Amino acid sequence: MAGAAPGPGGRRRLRDDGLRTCTSAEQSKVEDIVQEVYDAYRTNHHSSQYVLQREKHFHYLKRGLRQLTEAYECLDASRPWLCYWILHSLELLDEPIPESVASDVCQFLRRCQSPQGGFGGGPGQHPHLAPTYAAVNALCIIGTEEAFGIIDRKKLLEYLHSLKQPDGSFLMHVGGEVDVRSAYCAASVASLTNILTPALFAGTAEWIARCQNWEGGIGGVPGMEAHGGYTFCGVAALVILKQEHLLNLRSLLHWVTGRQMRFEGGFQGRCNKLVDGCYSFWQAGLLPLLHRALHARGDPALSMAHWMFDQLALQEYILLCCQCPAGGLLDKPGKSRDFYHTCYCLSGLAIAQHFGSGDLHNEVVLGIPENCLQATHPVYNIAPEKVARAVMHFLQYPVPSLDPASAAE
């Protein structure tokens, strides 16, 4: 939203130039609520120590792995996602997963795997690329021989070929829709399990590049509005395919940095939308990918200590506005906690805390030292060492050969 007035601490509130709309009214309402949260915190905490409520989040997540309330009945087709969201949140908190629980998750996901390849949203459900991505990520987080052995790589490759379209895009499921999510889900699972082939992804990078629009971000399909979730999926898929150069990176950088809210500190998903904790990952997670791509081009203006967004402002928003007092994280003050927002708020917090890796690793942690989370891989959103373990494991095996009929589908 263009036009803002400075607020306390350098924050800039919306200025609607005297033209009040439904959009500006909603934005002002959110800013008022966030202002109340920040004011209350500063009134009650003279030492300004921001605290991540680790123990409460851990207990919320641990309960969710074993038993869910009837409120989650609507997510019956997303059960591998629940496994992934919870397991990834636990690994970010550096909480070990008991072997018995890990094995139970493996066996549950085995029952979600379809005879046609890929994974469905629950046992006996049709395969779909979204739960396939979630199931493979969950199994890679567990990272045991049992977990890796669940994945039927030959059938998975056949399934991906059955979804591939002549223009390079992928269906989300047989007879389903096409969008950038499917290209990312396919590239992610294929690269982790060593089934990525030139034939499978012929034309995919070029199709994704056509989804970048005049705003600079990426839409679900060519010609659509730029969106944080689709933009992350498109860029991450191109990183996997080593084709980031097909994008206008400067335009993309301008778009994504403009999505960090100047008052709240969190990110919005699209222009003129409200802040949402989940975009702490979908948007902020783009900045490491862009940093890497621009560094490869030899851009001299890049920092070697910080990402190209306000890392402390994002951490403040997550720690003050997105933590439920009973555990779990949420979209914004006044919303309910859930495992989706818990996963992506924590993932975004990890991105904001950790710059680079190896000799260039730099931690930027707001609040007490115990707030520091484990790092997450910005492409796959699981721990970097889990990515390495999965890749090394599956590299031991050749890419499965397909019969001509499967490859031609």
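The written sequence of each chain sets the order in which its residues are numbered from 1. Restriction of local features to residues with pLDDT of at least 70 applies here, the model being predicted, together with a cutoff of 80 or more for giving and counting side-chain atom pairs; totals for whole chains, interfaces and linings are based on all residues. No hydrogens and no water enter the side-chain calculation; it runs on all heavy atoms of the structure.

**Student:** Before we move on, could you go through the overall build of the protein chain and cite the residues and values that matter?
**Tutor:** If you tally the helices and strands in the protein chain, you get 17 helices and 4 strands. For 409 residues, the compact-globule estimate of 2.2 N^0.38 gives 22 Å, and the protein chain sits close to it at 21 Å. With the C-alpha coordinates of the protein chain rotated into their principal frame, the extents come out at 65 × 45 × 45 Å. Per-residue burial for the protein chain yields a buried fraction of 56% across its 409 residues. The contact criterion used is simple: two residues touch if any of their non-hydrogen atoms lie within 4.5 Å. When contacts within the protein chain are restricted to residue pairs at least 6 apart in sequence, long-range pairs at least 24 apart make up 68% of them. Per-residue and other accessible areas follow the Shrake-Rupley method at a 1.4 Å probe size, with only the shown protein chains counted as cover for residues. Working note: accessible area of the protein chain is about 17400 Å², and carbon and sulfur atoms make up 55% of it. Positive residues here are Lys and Arg, negative ones are Asp and Glu, while His and the chain termini are left out of the count. In this description, the location of a charge corresponds to atom NZ of lysine, CZ of arginine, CG of aspartate or CD of glutamate. Computed over 34 positive and 40 negative side-chain charges, the separation of the two mean positions in the protein chain equals 2 Å. Each helix is a run of H or I in the DSSP string that is no shorter than four residues. Each strand is a run of E no shorter than two, and both are numbered from the N terminus. It is over C-alpha atoms that the radius of gyration is taken, and the globule rule equals 2.2 Å times the number of residues to the power 0.38. To sort residues, take the accessible area from a 1.4 Å probe on protein chains only and compare it with the maximum for the residue type: under 20% means buried, over 50% means exposed, and anything in between is partly exposed.

**Student:** Account for helix α5 (residues 129-142), naming residues and giving values.
**Tutor:** Helices are assigned an expected span. That span is 1.5 Å times one less than the residue count. Across its 14 residues, α5 extends 20 Å between first and last C-alpha, which sits within 8% of the 20 Å expected from 1.5 Å per residue. Across the 14 residues of α5, 14 count as buried, placing the element largely inside the fold. Once α5 finishes, Gly143 follows within two positions and takes phi at roughly 65°, a positive value.

**Student:** An account of the nonpolar core is requested, with residue identities and associated values reported.
**Tutor:** Core analysis: the largest hydrophobic core is formed by 128 residues, its most contacted members being Tyr84, Leu129, Leu160, Phe309 and Tyr344. The element best represented in this core is α5, accounting for 11 residues. Discounting residues that sit within four places of it in the chain, Leu129 has contacts with Tyr159, Leu160, Leu163, Phe170, Leu171, Met172, Ser182, Cys185 and Ala186. Among buried residues, the Ala, Val, Leu, Ile, Met, Phe, Trp, Tyr and Cys ones that are joined through side-chain atoms within 4.5 Å form a nonpolar core.

**Student:** I'd like to hear about the environment of Met172, residue by residue, with values.
**Tutor:** The residue Met172 is located in the loop between α7 (153-163) and α8 (180-192) in this model. According to the relative accessible area criterion, Met172 is buried, its value standing at 0%. Residues Met172 and Leu160, spaced 12 residues apart in sequence, show a C-alpha to C-alpha distance of 9.7 Å. Setting aside residues up to four positions removed in sequence, Met172 forms contacts with His128, Leu129, Ala130, Tyr159, Leu163, Glu177, Asp179, Arg181 and Ser182.

**Student:** Please provide a residue-by-residue account of the pattern of salt bridges, values included.
**Tutor:** Close approach of charged atoms lets side chains of opposite charge pair. By definition, a salt bridge exists where a carboxyl oxygen of Asp or Glu is found within 4 Å of a side-chain nitrogen of Lys or Arg. As enumerated under the stated definition, the model contains 17 salt bridges in all. The closest approach of N and O atoms between Asp179 and Arg181, which form a salt bridge, is 2.8 Å. Put simply, Arg250 and Asp299 hold a salt bridge, and the shortest N to O gap is 2.1 Å. Separated by 49 residues along the polypeptide, Arg250 in helix α11 (residues 249-257) and Asp299 in the loop between α13 (286-296) and α14 (311-321) bring together distant segments of the chain. In this structure Asp299 comes out as buried when scored by relative accessible area, which is 15%. Three or more residues are tied together by salt bridges with common partners; here these are Arg11, Arg42 and Glu316.

**Student:** Now, about helix α2 (residues 54-66): what can you tell me, with residues and values included?
**Tutor:** Every α-helix winds through 3.6 residues per turn, so residues three or four apart in the chain are directed the same way. Under the 1.5 Å per step criterion, the end-to-end length of α2 is 19 Å for 13 residues, consistent within 8% with the ideal 18 Å. Every buried residue of α2 is accounted for by His57, Phe58, Tyr60, Leu61 and Gly64. Down the axis of α2, the sector holding all buried residues measures 165°, keeping them to one side. Check the buried side of α2 and you find it contacts α3 (79-92) and α15 (339-353). In this context, the arc is that of the directions from the helix axis out to the C-beta atoms.

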